[in-house]
Amino acid sequence: MTSTAAAPPPPRAYRRLSVEERRAQLLVAALGLFAHRAPDEVSLDEVAVAAGVSRPLVYRYFPGGRQQLYEAALGSAADELKLCFTEPPVGPPTERVARVLDRYLRFVDEHDTGFSALLRGGSVVETSRTTSIVDGVRRAAAEEILSHLGRIGGAGGRGAGPRLRMMVRSWIAAVEAASLIWLDEGKQPPAAELRGWLVDHLIALLAATAATDEETAAVVRDLLALETPDGPAGRLAELVIPVVAEAAHLLPHVAAAD
């Protein structure tokens, strides 16, 4: 009688990873650990276990040990974070910024402890190199926001003046600080609410700077021409204009008339 039992599946062929693939595998494993633990709490043994390799293999790719691995992982995370700020120049500028912040806050949420440890500093693996990587993200983010405001560098581009550039970099710092506070507060308020407030913050800073800086005033005029009544700028205007109207008595000609 012929047996009808199914034959066992053939063994899966082993494929040796290329140098680039193995390095990427180790970085993914390291990022998974650094995302939720402070970098000086992660050992190479844990990275090896997470990647399913031996400790000597980790050292073969990162002979500088944990410091070199952390810097490489940080560089990879920085590249991912920079992409959060990349947005096609389509649609109202404030809606583009809202989409940027949605991606940024999702990154913060997914890398909570690691993000907090990175930006607060004080880690034993913090060096001028890691500081430079983080500052590079901040500068890249500022350039992307400036591009959405119609101010870009390069040949033929309209570069931003000092007041506008300072304002945007101050806003980036405020976004960073708000993200850390958000983590401290158990990720409250909800991310969508925080994102809306941060967009409002950018609009308010633009308006305040435009009052005394002609370049920023021109940026605001161009920006408002692209906005819609139901977008972030329109909703904020509807809320703020009645409040501002209450300050009419502070205007010199009104005070003189009284």
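Report follows, based on the coordinates. As the structure is a computational prediction, the values presented were derived from the model and not from experiment.

The subject of this paragraph is helix H4 (residues 66-84). Here H4 contains 19 residues, and its C-alpha end-to-end distance of 27 Å stays within 8% of the 27 Å for a straight helix at 1.5 Å per residue. Buried within H4 we find Leu69, Tyr70, Glu71, Ala72, Ala73, Leu74, Ala77, Ala78, Leu81 and Cys84.

Positionally, Ala160 belongs in the loop between helix H7 (128-148) and helix H8 (162-184). Classification of Ala160 by relative accessible area gives buried; the value is 17%. Along the primary structure Ala160 and Ser147 are separated by 13 residues, whereas in three dimensions their C-alpha atoms are 9.3 Å apart.

Before going further, it helps to examine the packing of H4 against H7. Between H4 and H7, the shortest axis-to-axis distance is 10 Å and the interhelical angle comes to 0 degrees. Taken together, H4 and H7 sit at an angle that is classed as roughly parallel. Contact residues: Gln67, Tyr70, Glu71, Leu74, Gly75, Ala78, Leu81 and Lys82 in H4; Arg129, Thr130, Ile133, Val134, Gly136, Val137 and Ala140 in H7. Partitioned by chemical class, the residues of the contact of H4 with H7 number eight nonpolar, four polar and three charged.

Looking now at the packing of aromatic side chains. All chains considered together, the criterion is met by three aromatic pairs. Ring centres 5.1 Å apart and planes at 75 degrees place the aromatic pair Phe34 and Tyr70 in the edge-to-face group. Of the two residues, Phe34 sits in helix H1 (residues 19-34) while Tyr70 sits in helix H4, which places them 36 residues apart along the sequence. Clustering of aromatic rings is evident, with ring pairs tying together Phe85, Tyr104 and Phe115.

Where helix H9 (residues 191-210) contacts helix H10 (residues 214-226), the two axes come as close as 8 Å, and the packing angle between them is 135 degrees. One element, H9, and the other, H10, form an angle in the oblique class. The two elements H9 and H10 cross, and the hand of that crossing is left-handed. Counted together, Leu206, Thr209 and Ala210 of H9 and Thr216, Ala217, Val220 and Leu223 of H10 form the full contact between these two elements.

Turning our eyes to something else, we now look at helix H11 (residues 232-245). Counted at 1.5 Å a residue, the expected span for H11 with its 14 residues is 20 Å, and the 20 Å between its end C-alpha atoms agrees. Its axis deflected by about 30 degrees at Glu238, H11 carries its strongest bend there, up to four residues before the proline Pro242. Taken residue by residue, H11 has Pro232, Ala233, Gly234 and Leu236 as its buried positions. In this fold, the buried residues of H11 make contact with helix H5 (93-110), H9 and H10.

Here the focus is unusual backbone geometry. Omega for the bond connecting Gln188 with Pro189 falls within 30 degrees of zero, at 0 degrees, which places this linkage in the cis form. With respect to the element layout, Pro189 can be found in the loop between H8 and H9. Of note, Lys187 is a non-glycine position whose phi angle comes to about 60 degrees, a positive value. Taking the relative accessible area as the measure of exposure, Lys187 reaches 23% and is therefore partly exposed.

The next subject is a nonpolar patch on the surface. A surface patch of nonpolar side chains, amounting to about 270 Å² of accessible area, comprises Leu239, Val240 and Val244. Relative to the assigned elements, Leu239 resides in helix H11.

This next bit is on the pattern of salt bridges. Summed over all chains, the structure comprises twelve salt bridges. Between Glu87 and Arg103 there is a salt bridge, and its shortest N-O distance comes to 2.8 Å. With Glu87 in the loop between H4 and H5 and Arg103 in helix H5, the pair connects residues that are 16 residues apart, well separated along the chain. For Arg103, a relative accessible area of 22% translates into the label partly exposed. When salt bridges that share partners are traced, they join Glu87, Arg99 and Arg103 into one network.

When you line up the elements, Asp112 lands in helix H6 (residues 112-120). Given the relative accessible area of 19%, Asp112 is considered buried. Engagement of the side chain of Asp112 in a polar contact is seen with the side chain of His36, the distance being 2.7 Å. Only 3.2 Å separates the side chain of Asp112 from the side chain of Lys187, close enough to count as a polar contact.

Calculation rules
Residues numbered from 1 in each chain as written. Predicted model: local features only at pLDDT ≥ 70, side-chain atom pairs only at ≥ 80, totals over all residues. Heavy atoms only, no water. Helix = DSSP H or I, 4+ residues; strand = E, 2+ residues; numbered from the N terminus. Expected span 1.5 Å × (residues − 1). Buried < 20%, exposed > 50% of the residue type's maximum accessible area, 1.4 Å probe, protein only. Axes fitted to C-alpha atoms, helices over the stretch in contact; angles between N-to-C directions. Parallel < 35°, antiparallel > 145°, perpendicular 65-115°, else oblique. Contact = heavy atoms within 4.5 Å. Nonpolar A, V, L, I, M, F, W, Y, C, P; charged D, E, K, R; others polar. Phe/Tyr/Trp six-rings, centres within 6.5 Å; stacked < 30°, edge-to-face > 60°. Left-handed = near helix turned anticlockwise from the far one by under 90°. Bend = angle between axes of the 7 residues up to and from the residue. Patch = residues over 30% accessible without salt bridge, like charges linked within 9 Å, V, L, I, M, F, W, Y side chains within 5 Å. Areas by Shrake-Rupley, 256 points an atom, 1.4 Å probe, with all protein chains shown as cover. Salt bridge = Lys/Arg side-chain N within 4 Å of Asp/Glu carboxyl O. Polar contact = N/O pair within 3.5 Å; in protein donor to acceptor, adjacent residues only side chain to side chain.

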